[in-house]
Structures are given as C-alpha cells and as structure tokens.
Amino acid sequence: MTEVLRRYGPVLTAIIVALCAFWVVMLVVLPQILMIDFSLRPSLPPSRVGGPDDVYTVQNYVTLWNNAIHRSIFLQTIWASALVTALTFAVCYPVAYFMAQVARPRTLPMLVLLLVIPFWINELLRTFAWYIILAFNGPLNLLLVNLGLIDRPIRFLGSPAGVIVGMVYVYILFMVFPLYNAIESLDRNQIEAARDLGSGWLRIHRRIVIPHAKPGIAVGCIMTFMLAAGSYAVPALLGGPNSRWFTEIIYNWFFEGGNWNQGAAYAFILLVLCVGFILLMMRLFKVGLTDVAK
C-alpha cells in the first residue's frame, strides 16, 4: 500500500481502493449473501412470500441428501473434475517444462502464440469443434478405424470420456501458464548440477522441479478444478444422460423448474466444495495465499 501511495498519490489511490471495494462488495459479497438467503427459504408463490410459511429452513440442502440421483451426479462431478485436473496437469507439465527450461528464447514467443491462438475462439465454438471430432462418424473414429485400432466407431459423445477430453482441452491454458511461470523462475544450474551428480530425469523432476513449482501446481489445479466443476457448456454439448454434470441440475432448478431457492442451495453447496478444494490444495502443497497470488 505504501508503494501504491508513493506512485499514484493519496487521491488516485483512494479512488482505486474505492473502485476495488465497490467491485468486491457488489459483484462478490452481496450476490453470495443473496444466494445464501435464497437457499435458506422455501419456494413459495409471490402471494405467500413474507407470510408465516416464509421461514428459514435447511430443507433445500436436505433435498440433495435425500435425492439419490442428484447425490450421485454431485459425487460424479467431484470425481470427474478431479480427474480432469489430474489429466490436465499430466498434459501441461511437459509442455510447461519445455517452454520454461528447454525452448530457446527465439522460439518461445511462437510456442506461446500457438497455444493461445485457438483460445481466441469462443469456448462454445471450440466445444462444438470437439463435438464434430468426437462424433460417431467424425474424424477421430475414422482415423482409429483406418489405423486398425478399432473395428467399429465408438460413441464418444454422450459418455464421460467425451466430456473429460473436451474439458482438458478447454481449460488447458489455466494449467500450463501457472506451471510455466513457476518453472521458469527455477535456476537451470540446479538442474545441471543434479545431472552432473548422476541424478536421472525422474529424480530431478521429483526432487527439484516439482517442489520448486508447487505454487504454480496449486494455482493450476485450483483454477482447473473450479472451472471444471462449474462448467455447463462442455457437459451440456458433449455429455448425455450418463454423464450429467451438477451444474446442469442447478440450471434446471433455475430456468426449467423455476425453483430458485433449491437452485441457490445446490449452487452454494458447489461453492463450498470449490472453497474446500482450494484449502486442500494449499495444505497439500504447503503454500499460502501469498504464494498463490504470485
């Protein structure tokens, strides 16, 4: 704060702080308070709102526990989001390491550009592209059949596999850039010294690179998991009855069932899950908010 005051002066600093506070209060705090209030009230017709039946209750939260189908979809969403996070890390870690420690300075901008260009397109259009790729008669099935890897096309669409593949692609940048920022700050001399002392690549990554990249790994996992758990477009387009996402249930409560109170309770449960995952990642990787903010 002292540096900000010195750079911008007291008047401009006060304006910046006021705008940030207004943003946080109006777009984060108040909506969450309103959502909690909605979730603790029964769904009533307008004529009965404020009447004797309009009391605080936890029935909307109990509904998830009593509804076996919704509970199963909720647990499936948690598991699938964790799997998406793990697969995204497995895909992005080698890419991030190559960009940070192996790629030449002249080729690095081109690599970053190649990663970013596809994401200039809207997420829905990129998801529709995967809809075409994963179709029963799509390019992927044709390639696998022509290579002799499968005898007949596989129905990727409508299955959990199609949703997971789509999500790994859609959220790949949210993992690769935190990893790159963390690994790029590692002194290459440490890697060279470990190689000179006879350490193999696996041990180098396990003992040097990964411990150094813990903040980046935590940030990447947090962002990927939260985006995957809260995604609606990808499971709605690539999924089916056997791969429904919890966000689809929330959407149905709000826009099809007309029960905003129940939808708010489900949304708050999902929010608590994401906050819990953040705390778990911070504890698992032993990083604090300062490390994550970097």
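Treat the numbers as computed from the prediction; the structure is a model and nothing was measured.

Scoring rules and cut-offs
Counting restarts for each chain: residues are numbered from 1 in the order of the written sequence. In keeping with the predicted nature of the model, local features appear solely for residues at pLDDT of at least 70, side-chain atom pairs appear and are counted solely at 80 or more, and the whole-chain, interface and lining totals rest on all residues. Hydrogens are left out, water is left out, and the side-chain values use all remaining heavy atoms of the structure. Here a cavity denotes a set of grid points, spaced 1 Å apart and computed over the protein atoms alone, in which a 1.4 Å probe fits but from which it cannot get out, and a pocket denotes an open set meeting protein on both sides within 12 Å along at least five of seven lines; residues with an atom within 4 Å of a point are reported as lining. Grid points are joined across faces, edges and corners, and a volume is the space filled by probe spheres set on the points. Here a helix means four or more residues in a row that DSSP labels H or I, a strand means two or more in a row labelled E, and each is numbered from the N terminus. Fitted lines through C-alpha atoms serve as axes, helices being fitted only where they are in contact, and the angles separating the N-to-C directions of these axes extend from 0 to 180 degrees. An angle counts as roughly parallel when it lies under 35 degrees, as roughly antiparallel when it exceeds 145, as roughly perpendicular when it falls between 65 and 115, and as oblique in every other case. Whether a crossing is left-handed or right-handed is set by the direction in which the near helix is turned from the far one by less than a right angle, anticlockwise for left-handed and clockwise for right-handed. The criterion used for residue contact is that any of the two residues' heavy atoms lie within 4.5 Å. Each residue is assigned to one class: nonpolar for Ala, Val, Leu, Ile, Met, Phe, Trp, Tyr, Cys and Pro, charged for Asp, Glu, Lys and Arg, and polar for all the others, Gly among them. UniProt positions are given in the numbering used here, feature names are shortened, and annotations may be inferred rather than shown by experiment. Put simply, two rings from Phe, Tyr or Trp (the six-membered ring, in Trp's case) pair if the centres are within 6.5 Å, and we call them stacked under 30 degrees between planes, edge-to-face over 60, tilted for the rest. Burial classes: relative accessible area under 20% of the type maximum marks a residue as buried, over 50% as exposed, and values in between as partly exposed (1.4 Å probe, protein chains only). For a ring to carry a charge above it, either NZ of a lysine or CZ of an arginine must fall within 6 Å of the ring centroid while also lying within 35 degrees of the normal to the ring plane. As used here, the term nonpolar core means buried Ala, Val, Leu, Ile, Met, Phe, Trp, Tyr and Cys residues forming a set that is joined through side-chain atoms within 4.5 Å. Should a side-chain nitrogen of Lys or Arg be within 4 Å of a carboxyl oxygen of Asp or Glu, the pair is scored as a salt bridge.

Engineer: Could you clarify how one ought to interpret the layout of surface pockets in this entry?
Structural biologist: Over the atoms rolls a probe the size of a water molecule, and its path tells where empty space is left. Of the volumes computed, that of the largest pocket is approximately 250 Å³. For the largest pocket, the full set of lining residues is Met226, Leu227, Gly230, Thr247, Ile250, Tyr251, Phe254, Phe255, Ala267, Leu270, Leu271 and Cys274. Mapped by element, the contributors of at least two residues to the lining of the largest pocket are α11 (214-229), α13 (246-256) and α14 (260-284).

Engineer: Can you help me understand the packing of α11 against α14 in this one?
Structural biologist: If you want to describe how two helices pack, look at the angle between their axes and the distance between the axes. Following both chains from N to C, one finds α11 and α14 inclined at 165°, their axes separated by 10 Å at the closest point. Our classification of the angle between α11 and α14 gives roughly antiparallel. The way α11 lies across α14 gives a crossing that is right-handed. Residues Cys221, Ile222, Phe225, Met226 and Ala229 of α11 pack against Leu270, Leu273, Cys274, Phe277, Ile278 and Met281 of α14. Split by residue class, the contact of α11 with α14 holds 11 nonpolar, no polar and no charged.

Engineer: It is not clear to me how the UniProt feature "transmembrane region" (unreviewed entry) in the protein should be interpreted in this structure. Could you clarify?
Structural biologist: According to UniProt, the positions carrying the feature "transmembrane region" (unreviewed entry) are residues 12-34, 73-99, 111-136, 156-180, 216-238 and 263-285. Along residues 12-34 one finds 100% helix and 0% strand; the C-alpha atoms at either end are 32 Å apart. Within the segment residues 156-180, helix and strand shares are 76% and 0% respectively, and the terminal C-alpha atoms sit 31 Å apart.

Engineer: How should the packing of aromatic side chains be read in this particular structure?
Structural biologist: The geometry of an aromatic ring pair is captured by the separation of the ring centres together with the interplanar angle, meaning the angle of the planes. One pass over the full model with this rule turns up 15 aromatic pairs. Judged by centre distance (4.8 Å) and plane angle (40°), the rings of Tyr251 and Phe255 are tilted. Remark: Phe255 and Tyr251 occur in helix α13; sequence separation between them is four residues, near one turn of the helix. According to the relative accessible area criterion, Tyr251 is partly exposed, its value standing at 31%. The exposure class assigned to Phe255 is exposed, which follows from its relative accessible area of 60%. Ring pairing ties together the aromatic residues Phe38, Tyr232, Tyr251, Phe254, Phe255 and Trp260, which thus form one cluster. Lying over the aromatic face of Tyr56, Arg41 brings its terminal NZ or CZ to 4.4 Å of the ring centre. Residue placement shows Arg155 over the ring face of Phe136; its charged tip is 4.2 Å from the ring centre.

Engineer: Looking at this structure, how should I read the nonpolar core?
Structural biologist: Formed by 48 residues in total, the largest nonpolar core has its most connected members in Leu179, Ile183, Val209 and Phe246. Of all elements in the fold, only α3 (68-102), α8 (173-184), α9 (188-196), α10 (201-212), α11, α13 and α14 reach the threshold of two or more residues within this core. Considering every element that reaches this core, the biggest residue donor is α14, with 10 residues. In this view, Ile183 contacts Tyr93, Ala96, Tyr97, Ala100, Gln101, Val209 and Ala213; residues no more than four positions away in its chain are not counted. In terms of nonpolar packing, the next biggest core, distinct from the first, is built from 17 residues, Val84, Trp130, Ile150 and Val170 among them.

Engineer: Looking at this structure, how should I read the pattern of salt bridges?
Structural biologist: Pairs can form between side chains of opposite charge whenever their charged atoms are close. Applying the stated criterion to the full structure yields two salt bridges. One salt bridge connects Asp37 with Arg41, and the closest N-O pair in it is separated by 3.3 Å. The salt bridge involving Glu192 is made with Arg195; its shortest N-O contact spans 3.7 Å. In this pair, Glu192 and Arg195 are both assigned in helix α9, three residues apart and thus about one turn of the helix distant. Using a relative accessible area of 42% as the deciding quantity, one classes Arg195 as partly exposed.

Engineer: Just to check I follow, could you spell out the UniProt feature "domain: ABC transmembrane type-1" (unreviewed entry) in the protein for this structure?
Structural biologist: Per the UniProt record, "domain: ABC transmembrane type-1" (unreviewed entry) is found at residues 74-281. A distance of 20 Å separates the end C-alpha atoms of residues 74-281, which is 75% helix and 0% strand.

Engineer: I tried to follow the environment of Arg206 on my own but got confused; where do I start?
Structural biologist: Looking at the secondary structure, you find Arg206 in helix α10. Relative accessible area serves as the criterion here: at 52%, Arg206 is assigned to the exposed category. Sequence separation between Arg206 and Ala129 is 77 residues, and the spatial gap between their C-alpha atoms is 36 Å.

Engineer: Help me understand the packing of α8 against α11, please; the structure alone is not making it clear to me.
Structural biologist: One can describe the packing of α8 onto α11 by two numbers: an axis separation of 8 Å at closest approach and a directional angle of 170°. Here α11 runs roughly antiparallel to α8, going by the angle between their axes. Of the residues in α11, those touching α8 at Phe174, Met175, Pro178, Leu179 and Ala182 are Gly216, Ile217, Val219, Gly220, Cys221, Met223, Thr224 and Leu227. Across the contact of α8 with α11, the residue classes tally to 10 nonpolar, three polar and no charged.

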